[in-house]
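In case you want the letters, here they are:
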Amino acid sequence: MQVPTSTYRIQLNDHFTLKNLRGIIEYLYQLGIGTIYASPITTAFKGSSHGYDVVDPLVLSPEIGTEEELREIAAILKERGMTWLQDIVPNHMAYDTKNPWLYDVLQNGEQSAYYAYFDIMAPAGEKLMAPFLGTSLEECLRKKEIRLNKDSIGFYDKEYPLAPGSLDAPPQPLEQLLQKQHYELTDFRLASERINYRRFFTVSSLICLRMEKEEVFQAYHKQILHWYHQDWIQGLRIDHIDGLAQPKEYTQHLKELFGEDCYIVAEKILTGEEHLPEDWPIEGTTGYDFLAMAGQLLTDTDGSRLLLDFYKEKIINLPEYTRLVFEKKYDFLSRYMRGELKHLLQLLTRDSLFTSEQDEERLGEALAVLMSSVPVYRAYPGDGPISEPDWLVINAAVQKAKHFRSDLRGEIGCLESFLKTPSTFRSRLMQFTGPLAAKGIEDTTFYVYNPYIALNEVGDSPGKAGLSADEFHKKMTYRQTHSPHTLNCTTTHDTKRGEDSRIRLSLLSSMPREWMEAVSRWRELNSPIQPPSPNDEYLIYQALLGGFPADTIVTDEFRGRVSDYLTKALREAKTETNYDTPNEEYEQNARNFVKALLQDGSPFLQDFTPFVRRIIHESITYSLSLLLLKLTCPGIPDIYQGAELWETSFVDPDNRRPVDYGHRAQLLQQIMVVESKGGDALREFLQAHREEGAEKLFLLYRTLNFRKEYPLLFSGGEYIPVPVKGPVLAYLRRQGRDWALVVVPLIRFGQPLPERLALSLPPGAPESWTHVFTGATHRAAIDLAGPQLENTLSEWPVALLSGRS
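Remember, it's a predicted structure, so these values are computed and weren't measured experimentally.

About the cut-offs
Residues numbered from 1 in each chain as written. Predicted model: local features only at pLDDT ≥ 70, side-chain atom pairs only at ≥ 80, totals over all residues. Heavy atoms only, no water. pLDDT = per-residue confidence, 0-100. Contact = heavy atoms within 4.5 Å. Helix = DSSP H or I, 4+ residues; strand = E, 2+ residues; numbered from the N terminus. Expected span 1.5 Å × (residues − 1). Buried < 20%, exposed > 50% of the residue type's maximum accessible area, 1.4 Å probe, protein only. Arc of directions from axis to C-beta. 1 Å grid on protein atoms, 1.4 Å probe; cavity = no way out; pocket = protein on both sides within 12 Å on 5 of 7 lines; lining within 4 Å. Points joined across faces, edges and corners; volume = space filled by probe spheres on them. Nonpolar A, V, L, I, M, F, W, Y, C, P; charged D, E, K, R; others polar. Core = buried A, V, L, I, M, F, W, Y, C linked by side-chain atoms within 4.5 Å. Salt bridge = Lys/Arg side-chain N within 4 Å of Asp/Glu carboxyl O.

1. Quick word on the confidence of the model for the protein chain
So, point 1. When pLDDT is averaged across the protein chain, the result is 91; 90% of the residues are at 70 or more.
So, point 2. In this model, residues 123-135 is a region of pLDDT below 50 whose contacts with residues beyond four sequence positions or in other chains number 29 contacts.
So, point 3. Long-range and interchain partners of residues 181-193, a stretch whose pLDDT sits below 50, account for 32 contacts in this model, where long-range means more than four residues apart.

As structure tokens, this is what we get:
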């Protein structure tokens, strides 16, 4: 198996094609990247910016390039010893007539050869297409099949312009109205007629597949397998594995199809102490678990507690976090997943004794409560006896559900008994608890619960703030033993904010009183300009701090990005506004508030800018800590496109903006030239280009190339914690006679770095060490306890030392 030394995530689309990718390969190679990690490349919905809305899995997307270009890139990568990790989407496809499999189903119904490919939940014999013939516009509106705006008619995610005055005419059938606008009725069939199918999350434009069926599995992977056999790709990343009916069987089948040499990871969100099932034959996850562990490590517990107290007392006193998560999941399920809930209830009651409407109503309520109480994304009970880990998940959900709704204890108990035996209901239930967790927590609670939004991140949780060095060491030791080749990510196309934005915000846990005083000043200062709700206002101050330009210059582009982010954040929260019925007045007032804050010379900016300048300066050290942890801890470091410089993007689509690779390649070339001149010249250059992120780029360049020089040291080497006093984490990586020592400062409240930092190394460790970033030699003093090393952080904010015993 070709295990990557590192991966670099690329978002391919019609604005960044294979031709563009070819143009940056040399830059990535010089940077030290080992593997291109590509977004889906098969044909997607026209204009797709991400590739996850696949319409044809058997054809390379013409919007990104040709197979000849892919072949040429593969040859270039092979010359440089680089590989390709391909993202695949087995859970769903686009609900669109350009999808040939789906189009055949819509044309031929159950007689279609592809009918069983899709997760269609319609009863046998039900028509899949029925036009609106004879249906009045009012009836369509009542059924919420369409929506009307002032000058357009909307079908789900599409808008069709209408001529002025079209809606002023007397009541008329819908097709008559559409024909007047020269629209074909077939344009609307897909959007309006809800074959009853399983959606991806609650996105009606994505229809889920039945990947557990052999014919679907073979057909879907045919082209990807061909590229693999051509040696154009060497690994796979499985998107949204929790949506599959049989994740374990899928990974086993995938490994059988592609072979033992294929490197495979899965997008899986692990919660709390949850681990990837050990019977999945894959290398690990896409790395959100590492993001959470490293983020918690770089957060101070005591300072966070003060921030939480301030939030409750001065901003808003929300329910306890666990309760809030339950409420938001329950609310989302009730409002946006009623169809899924109804389907589950039908499966449950089909063969049960619940016959009266009252019984079914109470059982449906209990089912909603139980689903909202599941503590992780899902369990994996399969078709056989339930395993102990899975039963622990289900039992925890049952107990929490009974606690929250004691009036439904009987019905919840019945559900518990149903879940003990294999059934279609049990399997289907698990396919819906994952989307519910994602939408109820990541896309709702994370925009409502704002005491410290650095932890409101995919894979992480603000329900806990802070992780001790000892706890982190234990987790890394487990990681090295059980999944040494899993990915370590800190920013992705799905994260809520960039990695360096989160570090700025985490720094507040080391200075809570200064932050609380500043927020109190700003609230008083800005009270005359009609702020939004206290909770949204508090979110705005944190978002600005995290995303503020490193040079502290506010441009119109930044103002626009903040405005767009705010609109999305407010709608995701679903408290004052939402996507279905936007409160345009509230949204505009909130945008006007931010606009006033960011005006040149505003009283707010005069007070805020010195504060944010201090945060930016002090956060650099901890951004480098986070990066070095990702690069040297057990796992394969994943770099998101553009994040080799400061990454302070907001949530998508902001984090999917075009990357200026010309600037990055030029800066790397300058670093490579100046490093040959010696330490002083390099130090001065990095200092002069600090705002651009030169220090981060240099650390990445040096460490990635060090990993390539010693691949076994990091892929298979021991992880050895090093005891140290003060707000510092230290550990060794060892493989045979090769050693690496890592020392990074931690964010801690009231704990400055000690003037004399001493490390006690284990017996047998090298006496002579070379600093990878400065080239300086450090010699350990030898005593009875073993080598003692001092002053490792005297030259650089963080340290990576190399030694040989």
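2. Focus: helix α16 (residues 388-404)
So, point 1. For α16, which comprises 17 residues, the first-to-last C-alpha distance of 24 Å matches the rise-based estimate of 24 Å (1.5 Å per residue) to within 8%.
So, point 2. Along α16, the residues classified as buried are Asp390, Val393, Ile394, Ala397, Val398, Ala401, Lys402 and Phe404. For α16, the arc enclosing every buried residue in end-on projection is 165°, short of the 170-degree limit, so these residues lie on one face. Of the exposed residues in α16, those oriented more than 90 degrees away from the buried face are Glu388, Pro389, Leu392 and His403.

3. Description of empty space enclosed by the protein
So, point 1. All told, the structure shown has 9 cavities of 30 Å³ or more when counted by the stated rule.
So, point 2. When its volume is computed, the largest cavity comes out at roughly 90 Å³.
So, point 3. Secondary-structure elements contributing two or more residues to the lining of the largest cavity are α12 (301-315), α20 (499-506) and α22 (534-547).
So, point 4. Per-class residue counts for the lining of the largest cavity are 10 nonpolar, 5 polar and no charged.

4. Quick notes on the layout of surface pockets
So, point 1. Considering only enclosed or pocket space, the second largest pocket measures out at about 1100 Å³ in volume.
So, point 2. What lines the second largest pocket is a set of 50 residues, among which Leu270, Thr271, Gly272, Glu273 and Glu274 lie closest to the centre.
So, point 3. Mapped onto the lining of the second largest pocket, the elements with two or more residues apiece are β14 (284-285), α11 (288-297), α13 (321-336), α15 (357-373), α16, α18 (424-442) and α19 (469-482).
So, point 4. Broken down by class, the residue content of the lining of the second largest pocket amounts to 21 nonpolar, 15 polar and 14 charged.

5. Describing the nonpolar core
So, point 1. If you look at the biggest cluster of nonpolar residues, it comprises 188 residues, and the most contacted ones within it are Leu12, Leu21, Trp84, Phe118, Phe472, Trp515 and Leu629.
So, point 2. In terms of residue count, helix α25 (residues 603-632) provides more of this core than any other element does, 15 residues in total.
So, point 3. Grouped together as the second largest cluster of nonpolar side chains are 36 residues, Phe332, Tyr336, Leu347 and Leu367 included.

6. What to know about the pattern of salt bridges
So, point 1. Under the counting rule described, the total for this entry stands at 51 salt bridges.
So, point 2. Between aspartate 500 and lysine 696 there is a salt bridge, with the nearest N and O atoms lying 2.7 Å from each other. Residue aspartate 500 is located in helix α20, and its partner lysine 696 is located in helix α28 (residues 694-709); the two are separated by 196 residues in the primary sequence. For the pair formed by aspartate 500 and lysine 696, the shared burial category is buried.
So, point 3. One network of salt bridges, with partners in common, ties together Arg9, Asp87, Arg237, Asp239 and Glu267.

7. What to know about α20
So, point 1. Counting buried residues along α20, 8 of its 8 residues qualify, which places the element largely inside the surrounding structure.
So, point 2. When we look at burial in α20, the residues that qualify are Glu499, Asp500, Ser501, Arg502, Ile503, Arg504, Leu505 and Ser506.
So, point 3. Close packing links the buried residues of α20 with α11, α22, α25 and α28.

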